[in-house]
Amino acid sequence: MNPVEAQQEIITEMCQMIHGQTPDGYSKATCSFECETFDGGSSSVGWAFEYFLGGECVSIGLDMDSVDRFHTLVPELHRLMKAHTGDDWATFTLTLDQDGKANVKFDCPNATP
């Protein structure tokens, strides 16, 4: 599998997990992630999750299975992207619309315009 396919596979799995956390009828779901990596290979992952239902914004925690899986997927995505492009993003936001269409925005503080 090439690096882009591996990254797409991780993002697709994350989208499926986020979609699974939202009730039917949501108009938008957003999960923002932070990833900090340390010497020795360990990492810290943080997130904030919300969805919109009937015009109301609902912020909730994620189920423990998703939390555990995100602790694996987010650092792996960071590692793959850094190795492939050199981008060292600190945060990214994954947004799903009501049709399940995903949008991903990476914040690369050291990137040149």
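Here the structure is a predicted model, which is why all the values come from computation and not from measurement.

Visitor: Describe in detail the packing of aromatic side chains, supporting the description with residues and values.
Guide: Taken as a whole and judged by the stated rule, the model has six aromatic pairs. Centre to centre, the rings of Phe49 and Tyr51 are 6.2 Å apart; their planes meet at 50°, and the pair counts as tilted. The pair formed by Phe49 and Tyr51 is uniform in burial state, with each residue classed as buried. Taking 5.0 Å as the distance between ring centres and 75° as the angle between the ring planes, the aromatic pair formed by Trp89 and Phe92 counts as edge-to-face. Assessed through its relative accessible area of 1%, Phe92 is described here as buried. Here a set of aromatic residues connected by ring pairs shows up, and it is made of Phe33, Phe70, Trp89, Phe92 and Phe106.

Visitor: So what about the nonpolar core? Which residues, and what values?
Guide: Met14, Ile18, Phe33, Phe70, Val74, Phe92 and Leu94 are the most contacted members of the largest nonpolar core, which has 27 residues in total. For this core, the secondary-structure elements that each account for two or more residues are helix H1 (3-21), strand S1 (28-37), strand S2 (43-53), helix H2 (64-85) and strand S4 (91-97). Beyond its immediate chain neighbours, meaning those up to four positions away, Phe70 contacts Met14, Met17, Ile18, Phe33, Val45, Leu62 and Pro75.

Visitor: Explain H2 to me, and be specific about the residues and the numbers.
Guide: Its 22 residues place the ends of H2 31 Å apart at the C-alpha level, agreeing with the 32 Å of an ideal helix rising 1.5 Å per residue. Along H2, the helix axis deviates most sharply at Phe70, where the bend reaches about 30°. Taken together, the buried positions of H2 are occupied by Ser66, Val67, Phe70, Leu73, Val74, Pro75, Leu77, His78, Leu80 and Met81. The inward-facing, buried residues of H2 abut H1, S1, S2, S4 and strand S5 (102-107). Downstream of H2 by a residue or two, Gly86 has a phi angle that is positive, lying close to 85°.

The rules behind these values
The residue count restarts for each chain, going from 1 along the sequence in the order it is written. Per-residue local features are limited, in this predicted model, to residues with pLDDT of at least 70; the limit for side-chain atom pairs, both in listing and counting, is 80 or more; totals at the level of whole chains, interfaces and linings are taken over all residues. Side-chain metrics in this entry use all non-hydrogen atoms of the structure; hydrogen atoms and water are not considered. Centres within 6.5 Å are what make two rings of Phe, Tyr or Trp a pair, Trp counting through its six-membered ring; a difference in plane orientation under 30 degrees is then read as stacked, over 60 as edge-to-face, and the rest as tilted. Exposure classes here rest on a 1.4 Å probe applied to the protein chains alone. A residue is buried below 20% of its type maximum, exposed above 50%, and partly exposed in between. Buried Ala, Val, Leu, Ile, Met, Phe, Trp, Tyr and Cys residues that are joined via side-chain atoms within 4.5 Å together make up what is termed a nonpolar core. Labels follow the DSSP assignment, with helices taken as runs of H or I lasting at least four residues and strands as runs of E lasting at least two, numbered in each case from the N terminus. Between two residues, a contact is recorded if the distance between any of their heavy atoms is within 4.5 Å. In this analysis, the expected span of each helix is defined as 1.5 Å times one less than the number of residues it contains. To get the bend at any residue, fit one axis to the seven residues that end at it and another to the seven that begin at it, then take the angle between the two axes.

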